[in-house]
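The chain contents come next:
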Amino acid sequence: QVQLVESGGGLVQAGGSLTLSCVASGGTFSSLAMGWFRQTPGKEREVVAATIPSGQSQYYPDSMKGRFTISKNNVENTVYLQINVLKPEDTAAYYCAAGDNLHAVVTGTAVSWGQGTQVTVSS
């Protein structure tokens, strides 16, 4: 079982940028597909971005394309989410997820979850 710890959230102004980090331990990180999700109260958790184990191919839902970038560093055992041009609607708890393949991560099935890091965007 892989353990995931997110960091990097905080209070930022609209228009700024933020990079979230997720450090993994207890698993073979290079073999894991990874993803980022976000959730606000009263709303289902939604996928923001995901990557195959090598990090060389990324998935973004159409609604997330343009301002989000996922990257995976298999030396540091860390996956990052860069968010540019932050908007108030980006305010959410952001969660890191790990799974055996991209489909498992994107669908949120058979994955391990981190505890989340809160991003709050002020206008």
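Preceding block: the structure.
What you see is a predicted model, and the numbers here were worked out from it, not measured in a lab.

With reference to specific residues and values, describe the overall build of the chain.
From N to C terminus, the chain includes one helix and 11 strands. Sequence-ordered secondary structure for the chain, helices as α and strands as β, is β-β-β-β-β-β-β-β-β-α-β-β. Taking 2.2 N^0.38 as the reference for a compact globule, 123 residues should give roughly 14 Å; the C-alpha atoms of the chain span a radius of gyration of 13 Å, in line with that estimate. Taken along its principal axes, the extent of the C-alpha atoms in the chain is 40 × 25 × 25 Å. When the 123 residues of the chain are sorted by exposure, 42% land in the buried category. Considering only contacts within the chain whose residues lie at least 6 apart along the sequence, 57% involve residues at least 24 apart. Accessible surface for the chain amounts to roughly 6100 Å². Of this, 48% is attributable to carbon and sulfur atoms. Computed over 7 positive and 8 negative side-chain charges, the separation of the two mean positions in the chain equals 4 Å.

Tell me about the sheet that holds strand β3 (residues 18-25), and please be specific about residues and values.
A sheet is described by the order of its strands in space; here four strands give the open sequence β1-β3-β8-β7, paired in antiparallel fashion. Strand pairing shows two members of the sheet lacking a second neighbour, β1 (3-7) and β7 (68-73), which therefore form its edges. Geometrically, the sheet is characterised by an average inter-axis angle of 15° between neighbouring strands, direction not taken into account. Here β3 pairs with strand β8 (residues 78-83) via six bridges, running antiparallel.

Can you lay out the nonpolar core for me, pointing to particular residues and giving the numbers?
Nonpolar side chains tend toward joint burial in soluble globular proteins. By size, the foremost hydrophobic cluster in this structure holds 27 residues, and its most contacted members are M34, W36, L81 and Y94. When residues of this core are traced back to their parent elements, those giving at least two are β3, β4 (33-39), β5 (46-51), β7, β8, β9 (92-99) and β11 (117-122). If sequence neighbours within four positions are ignored, Y94 has contacts with E6, L20, W36, F37, R38, V48, F68, L81, I83, G116, T117 and V119. By size, the runner-up hydrophobic cluster in this structure holds seven residues, among which are A33, F37, A50 and V105.

Cut-off values and rules
Residues numbered from 1 in each chain as written. Predicted model: local features only at pLDDT ≥ 70, side-chain atom pairs only at ≥ 80, totals over all residues. Heavy atoms only, no water. Helix = DSSP H or I, 4+ residues; strand = E, 2+ residues; numbered from the N terminus. Rg over C-alpha atoms; globule rule 2.2 N^0.38 Å. Buried < 20%, exposed > 50% of the residue type's maximum accessible area, 1.4 Å probe, protein only. Contact = heavy atoms within 4.5 Å. Areas by Shrake-Rupley, 256 points an atom, 1.4 Å probe, with all protein chains shown as cover. Lys, Arg positive; Asp, Glu negative; His and termini not counted. Charge placed at Lys NZ, Arg CZ, Asp CG, Glu CD. Pairing = 2+ DSSP bridges. Axes fitted to C-alpha atoms, helices over the stretch in contact; angles between N-to-C directions. Core = buried A, V, L, I, M, F, W, Y, C linked by side-chain atoms within 4.5 Å.

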